[in-house]
Amino acid sequence: MAAVIFNIFVINKSGGLIFYKDYGTQGRLDTNDSLRLASLWHSMHAISKELSPVGGCTGIELLEADTFDLHCFQALTGTKIFVTAEPKTPGIDNLLKTIYELYTDYVLKNPFYEVEMPIRCELWDLNLALAVRKDSKTSLVGR
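Residues numbered from 1 in each chain as written. Predicted model: local features only at pLDDT ≥ 70, side-chain atom pairs only at ≥ 80, totals over all residues. Heavy atoms only, no water.

Draft legend 1. Here's a closer look at the packing of aromatic side chains. One pass over the full model with this rule turns up 7 aromatic pairs. With a centroid separation of 4.4 Å and 10° between ring planes, the pair formed by Phe9 and Phe82 is classed as stacked. On the criterion of sequence distance, the pair formed by Phe9 in strand β1 (residues 3–11) and Phe82 in strand β5 (residues 80–85) is long-range, its members being 73 residues apart. On the basis of relative accessible area, Phe82 is assigned to the buried category, the value being 0%. A ring pair is formed by Phe19 and Trp124, whose centres lie 5.2 Å apart and whose planes are at 85°; its orientation type is edge-to-face. Here Phe19, found in strand β2 (residues 17–22), pairs with Trp124, found in helix α3 (residues 122–134); they are 105 residues apart in sequence, far enough to count as distant. (Phe/Tyr/Trp six-rings, centres within 6.5 Å; stacked < 30°, edge-to-face > 60°. Helix = DSSP H or I, 4+ residues; strand = E, 2+ residues; numbered from the N terminus. Buried < 20%, exposed > 50% of the residue type's maximum accessible area, 1.4 Å probe, protein only.)

Draft legend 2. Molecular detail of the pattern of salt bridges. One pass over the structure, following the stated rule, counts 3 salt bridges. Between Arg36 and Asp33 there is a salt bridge, and its shortest N-O distance comes to 2.5 Å. In this pair, Arg36 and Asp33 are both assigned in helix α1 (residues 31–51), 3 residues apart and thus about one turn of the helix distant. Put simply, Lys88 and Glu64 hold a salt bridge, and the shortest N to O gap is 3.4 Å. Taken together, the residues Lys88 in the loop between β5 and α2 (92–108) and Glu64 in strand β3 (residues 62–64) connect sequence positions 24 residues apart. With a relative accessible area of 48%, Glu64 lands in the partly exposed category. (Salt bridge = Lys/Arg side-chain N within 4 Å of Asp/Glu carboxyl O.)

Draft legend 3. Region of the structure containing the nonpolar core. Core analysis: the largest hydrophobic core is formed by 25 residues, its most contacted members being Ile5, Tyr103, Ile119 and Trp124. Only β1, β2, β5, α2 and α3 provide two or more residues apiece to this core. The greatest single-element share of this core, amounting to 8 residues, is contributed by α2. What Trp124 contacts, discounting residues up to four positions off in sequence, is Val10, Phe19, Ile99, Leu102, Tyr103, Tyr106, Val107 and Ile119. Grouped together as the second largest cluster of nonpolar side chains are 8 residues, Ile11, Leu17, Ala38 and Phe82 included. (Core = buried A, V, L, I, M, F, W, Y, C linked by side-chain atoms within 4.5 Å. Contact = heavy atoms within 4.5 Å.)

Okay, structure coming up:
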């Protein structure tokens, strides 16, 4: 059975949502909900680093719920990429790293992109869709 990815979010180092992609009907969020979730996740991630009893904690990497898992990758620059998917979906860590590589290749190297601003780049969109579909264990629901 193929796993399902619900959403992909990219948050800048200030906590602003700069990219959101919805892949399913179950996890579909409206614009305000996606902004709230990104802001809430940024805050929880920052607080968890400060309150962690473990030294060198970099924040929450996985949040498991009954109906979804939220996986997070934070780059050294402070940019966070997180994905919501079906519980126990394998290979999400590799997908997050691939998404970050695409972000650096197609967004940050784009001379017309302003750092920390919403991502509007056709090559990013195309390559992100290919990367998500490339994983044979992942299927996209909806669009």
